[in-house]
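A structural walkthrough
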Amino acid sequence: MNLRRSLPALVPLVLTATFFAVGTAESGTPKQSPVNVTPGAIRFDPHAPKLDVDYGSSALELKYIRKDADSADGCTVRNHEETEEADVQPGAGHVTVAGTRYDLVQFHFHTPSEHKFGGRNTPLEMHLVHRSAEGKLLVVGVPLVVGSHSVVDDVLAKLAPECGAAVEIEPINLNRLLPPGHGTLHYTGSLTTAPFTEGVEWYLTSPQHVTAATIARFQGLFTAGNARETQPLNGRTLVEVPRI
């Protein structure tokens, strides 16, 4: 899929409601995430290394990630960096880029999407976080839009409470978390939560479907949102990279 051509088609998929990312941009360094994806920022490099995905099956543990454990009302107040996170069994999935292997560690969710597409958010965004043996991070960002049932609905069927037990999920095919289209956009950015560490390799996919009920369930927990605002590209471009 050529994402430069498909970007205009993505914009109508966002909800008609306006969403606002919460939280401030604590860092002014030049390679921060998330970013706004525009056609003019996309380029094609025939020499760019491909994203080789090798996912299998894994049981999951869905847990609530707290950022306000020291607060007296932390169990009822939503910190804007909190989320639902699914831990993946070790060795269940990895990606390889230019000979470097990154193992899938966990994936989590933001509402609205942290990355924008043509200046618009999608209702949710899923981040699949990978780590190399040297500790370098690679994140596959998947925008989630309203559509037919997908395995993402199974993962988010029951949300973990902030101050309660994690939810155990039967094994899923991790490949089904990704959309059918095999195009991605690559850029180098940062973590989107403190300490906003840079040097993170980002790969943004085409949209994956999730039902309206699942979106409502997640947004019902994070009513004020849990997304960081977009950061300046500062001259960076996004390179079209095939996923194999």
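Residues numbered from 1 in each chain as written. Predicted model: local features only at pLDDT ≥ 70, side-chain atom pairs only at ≥ 80, totals over all residues. Heavy atoms only, no water.

**Notes on the overall build of the protein**
- Looking only at helices and strands, the protein has three helices and 15 strands in total.
- For the protein, with 244 residues in total, the buried portion stands at 50%.
- Counting contacts in the protein only where the partners sit at least 6 residues apart, residues at least 24 apart contribute 75% of the total.
- When the accessible surface of the protein is totalled, it reaches about 10600 Å², and 55% of it is carbon and sulfur. (Helix = DSSP H or I, 4+ residues; strand = E, 2+ residues; numbered from the N terminus. Buried < 20%, exposed > 50% of the residue type's maximum accessible area, 1.4 Å probe, protein only. Contact = heavy atoms within 4.5 Å. Areas by Shrake-Rupley, 256 points an atom, 1.4 Å probe, with all protein chains shown as cover.)

**A few points about the environment of Thr100**
- Along the chain, Thr100 falls in strand β7 (residues 100-110).
- Each C-alpha atom of the pair Thr100 and Ser132 lies 7.2 Å from the other, and the pair is 32 residues apart in sequence.
- With sequence-adjacent residues up to four places away left out, Thr100 is seen in contact with Val95 and Ser132.

**Some details on the nonpolar core**
- Core analysis: the largest hydrophobic core is formed by 43 residues, its most contacted members being Phe107, Leu128, Val155 and Leu177.
- Filtering out sequence-adjacent residues up to four positions away, Phe107 remains in contact with Leu60, Glu84, Glu85, Ala86, Val88, Met126, His127, Leu128, Val155 and Leu177.
- Judged by nonpolar contacts, the second largest core, of 15 residues, contains Val35, Val37, Ile42 and Leu137. (Core = buried A, V, L, I, M, F, W, Y, C linked by side-chain atoms within 4.5 Å.)

**A closer look at the packing of aromatic side chains**
- For the structure shown, the criterion picks out five aromatic pairs.
- Considering the side-chain rings of Phe107 and Phe109, the 6.0 Å spacing of their centres and the 75° angle between planes classify their relative orientation as edge-to-face. No difference in accessibility class separates Phe107 from Phe109, as the two residues are buried.
- Here Tyr187 and Trp202 contribute two aromatic rings whose centre-to-centre distance is 6.4 Å and whose plane-to-plane angle is 10°, an arrangement assigned as stacked. (Phe/Tyr/Trp six-rings, centres within 6.5 Å; stacked < 30°, edge-to-face > 60°.)

**A look at the pairing of strand β5 (residues 83-88)**
- Among the six residues in β5, five count as buried, and that is most of the element.
- The pairing of strand β4 (residues 57-65) with β5 spans six bridges and is classified as antiparallel. Its bridge partner lying in β5, Lys63 is registered against Glu85.
- The pairing of β5 with β7 spans three bridges and is classified as antiparallel. The residue bridging Asp87 from the neighbouring strand is Gln106, located in β7. (Pairing = 2+ DSSP bridges.)

**Structural notes on the layout of surface pockets**
- Of the pockets and cavities examined, the largest pocket occupies roughly 360 Å³.
- Lining the largest pocket are 21 residues, with Gln106, His108, Val129, Leu191 and Thr193 positioned closest to its centre.
- Elements that contribute at least two residues to the lining of the largest pocket include exactly β5, β7, β9 (124-132), β10 (137-146) and β13 (198-205).
- Here the element with the most residues in the lining of the largest pocket is β7; it accounts for four residues.
- Partitioned by chemical class, the residues of the lining of the largest pocket number nine nonpolar, eight polar and four charged. (1 Å grid on protein atoms, 1.4 Å probe; cavity = no way out; pocket = protein on both sides within 12 Å on 5 of 7 lines; lining within 4 Å. Points joined across faces, edges and corners; volume = space filled by probe spheres on them. Nonpolar A, V, L, I, M, F, W, Y, C, P; charged D, E, K, R; others polar.)

**Digging into the environment of Asp52**
- By the element assignment, Asp52 lies in strand β3 (residues 52-55).
- The spatial distance from the C-alpha of Asp52 to the C-alpha of Ile244 is 4.9 Å, given a sequence separation of 192 residues.
- The contact partners of Asp52, leaving out residues within four places of it in the chain, are His94, Val95, Thr96 and Ile244.

**Observations regarding the confidence of the model for the protein**
- Of the residues in the protein, 88% have a pLDDT of 70 or more, and the chain-wide mean is 90.
- Counted against residues more than four places away or in other chains, residues 11-27, with its pLDDT under 50, gives 40 contacts. (pLDDT = per-residue confidence, 0-100.)

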